[in-house]
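Spelled out from the first residue to the last, the chains are:
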Amino acid sequence: MATSTDAEVIIELDSVYKIFGPQPRGRALQLAKSGMKKNDVQAATEHVVGMTNVSFKVHRAETFVIMGLSGSGKSTAIRTVNKLHDITDGRVIVDGVDVQALSGPPLQQFRREKMGMVFQHFALFPHRSVIDNTGYGLKVQGIDKSERDKKSLEALNLVGLGPFAHSMPRELSGGMQQRVGLARALAADPDVLLMDEAFSALDPLIRRQMQDEMMAINAELQKTILFITHDLNEALRIGDRVCIMKDGAVVQIGTPEEILTRPATGYVAEFVQDVDQGRVIKVLEVMQEPQPVVPGTTLQQGLESLGERAGAFVLDDAGCPRAVLTAADAVRAASVGSTELEAGLRTDFTSCGPECTLNEIYAAAGRGLPIACVDDSGRLVGNLDPRHIMEEMGRVENLIDDFEREVFM
Ligand SMILES: Nc1ncnc2c1ncn2[C@@H]1O[C@H](COP(=O)(O)OP(=O)(O)OP(=O)(O)O)[C@@H](O)[C@H]1O
Ligand SMILES: [Mg+2]
């Protein structure tokens, strides 16, 4: 999935403002532009600031998640992308096209061809079969029945509902109905999927399953997805990048790791406290230079070379870790008169890959031994100090504590 900054930009919002009220371009906009907060603008002008100075870029094949509390402007933002909302100021560009400049049939065509939309409430037609619901958008486009059914069935197979093509919506569970919603969006094979709280009505287990399925489907289809949720866990789970909104403004944009490890504000940190840190922080973010034990080292030299580190690995000829030296083992071996490095080594250490999450190695870290981070060929690429894992997992909690002190004391 593309997250690099030079990847092709498919959706761009550039300093977008959306004011609701009788005179959106009047004083309310001026005040919002001067940096006045949503509530103050509302108090002064009786206009509601839906979005204020919102800018972000979504790259091709990226899953970009907008996360925020109710009323933060998420739906307003996604609706500007297909011009369900006119904007008050700024620019919205989708695949090189200035969306605001479109209207009438060209706008309809643009929406149909470029974008599929999935909503929180599945909005299926109750009297149409699953396959007819799936192909509804294609029908509107004037595509004939046999072609429509072929594409609809392909989309239904993608979401695992091929066998239910001729069922009626009422015969499906909520999760299945939501899958029909996804199939309907996929049937026209749009480049962009706009998903507003698409999984929010589902119970947690089904919801996770849907998230997994969507990620699996998209690993293949490589759609650009703009996904809205008020659930940070969901955002961090499925997003390549996450944009956090508050009171109509963007608070932070970053990868899940960035959001968790470097929350831009106390507001973000507060959100983050509910999240299980270890699940998304990867080993490569915490590991240190491998600094293996130099060949030919004596036990004493080995001990000295450790410094503050929990331990150092001894490599074989291929660069793979074969043993580990810790200070405690070295001191113990020296105390019984050993001088050979081998006497202080142990081989019962744990190895993991750089993409592994901290949760996966948490139990191993509990043994207090350093963990070897190895590449696909088993060569040592990093040394993971168990104390750093614990620290990393506690760091955001500290941030939140600081934030609470700032606010409440
Ligand atoms: N059509 C409208 N007319 C007036 N105000 C609106 C309109 N649509 C949205 N708003 C206001 O704009 C702000 C942002 O609303 P929006 O629907 O974008 O929030 P949201 O983040 O999607 O919230 P939720 O999680 O509840 O769906 C809110 O203050 C809302 O009251
Ligand atoms: Mg909404």
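All values reported here derive from a predicted model rather than from experimental measurement.

Participant: A description of the site of ligand 1 should follow, citing residues and the corresponding values.
Facilitator: Surveying the vicinity of ligand 1 reveals the residues F20, V48, G50, G68, S70, G71, S72, G73, K74, S75, T76 and H230. At the level of elements, β2 (48-59) and α3 (74-81) are the ones that each hand at least two residues to the shell around ligand 1. Sorting elements by how many residues they give to the shell around ligand 1 places α3 first, with 3 residues. Tallied by class, the residues present in the shell around ligand 1 amount to 2 nonpolar, 9 polar and 1 charged.

Participant: Please give an account of the packing of helix α7 (residues 145-158) against helix α8 (residues 174-187) that cites residues and values.
Facilitator: As a packed pair, α7 and α8 sit with axes 8 Å apart at the nearest point and diverge in direction by 135°. What the angle tells us is that α7 and α8 run oblique. The handedness of the crossing between α7 and α8 comes out as right-handed. Between α7 and α8, the residues in contact are K151, S152, A155, L156 and L158 and A183, L186 and A187, respectively.

Participant: Can you break down the domain arrangement of the chain residue by residue, with the values?
Facilitator: The domains assigned to the chain are domain 1 (9-278) and domain 2 (284-391). Between the C-alpha centres of domain 1 and domain 2 there is a distance of 46 Å.

Participant: I'd like to hear about the pairing of strand β16 (residues 380-384), residue by residue, with values.
Facilitator: Judged by how many residues are buried, β16 sits mostly within the fold: 4 of 5 residues are covered. The pairing of strand β15 (residues 371-374) with β16 spans 4 bridges and is classified as antiparallel. Residue pairing across strands places C373 opposite G382, the latter belonging to β16. Where β15 folds back onto β16 in an antiparallel hairpin, the turn is made up of 5 residues, including G378, whose phi is positive at roughly 85°.

Participant: If you had to explain unusual backbone geometry to someone new, which residues and values would you point to?
Facilitator: Although it is not a glycine, K83 sits at a positive phi angle of roughly 60°. The residue K83 is located in the loop between α3 and β4 (89-94) in this model.

Participant: Describe the sheet that holds β2, naming the residues involved and giving the relevant values.
Facilitator: What the 4 strands build is an open sheet, ordered β2-β1-β4-β5; its pairing is antiparallel. The strands lining the two open edges of the sheet, one partner per strand, are β2 and β5 (97-98).

What counts, and where the lines are drawn
Residues numbered from 1 in each chain as written. Chains lettered and ligands numbered in written order. Predicted model: local features only at pLDDT ≥ 70, side-chain atom pairs only at ≥ 80, totals over all residues. Near = placed C-beta within 6 Å. Helix = DSSP H or I, 4+ residues; strand = E, 2+ residues; numbered from the N terminus. Nonpolar A, V, L, I, M, F, W, Y, C, P; charged D, E, K, R; others polar. Axes fitted to C-alpha atoms, helices over the stretch in contact; angles between N-to-C directions. Parallel < 35°, antiparallel > 145°, perpendicular 65-115°, else oblique. Left-handed = near helix turned anticlockwise from the far one by under 90°. Contact = placed C-beta atoms within 7 Å. Domains from an automatic or database assignment. Buried ≥ 20, exposed ≤ 12 C-beta atoms within 10 Å, placed from the backbone. Pairing = 2+ DSSP bridges.

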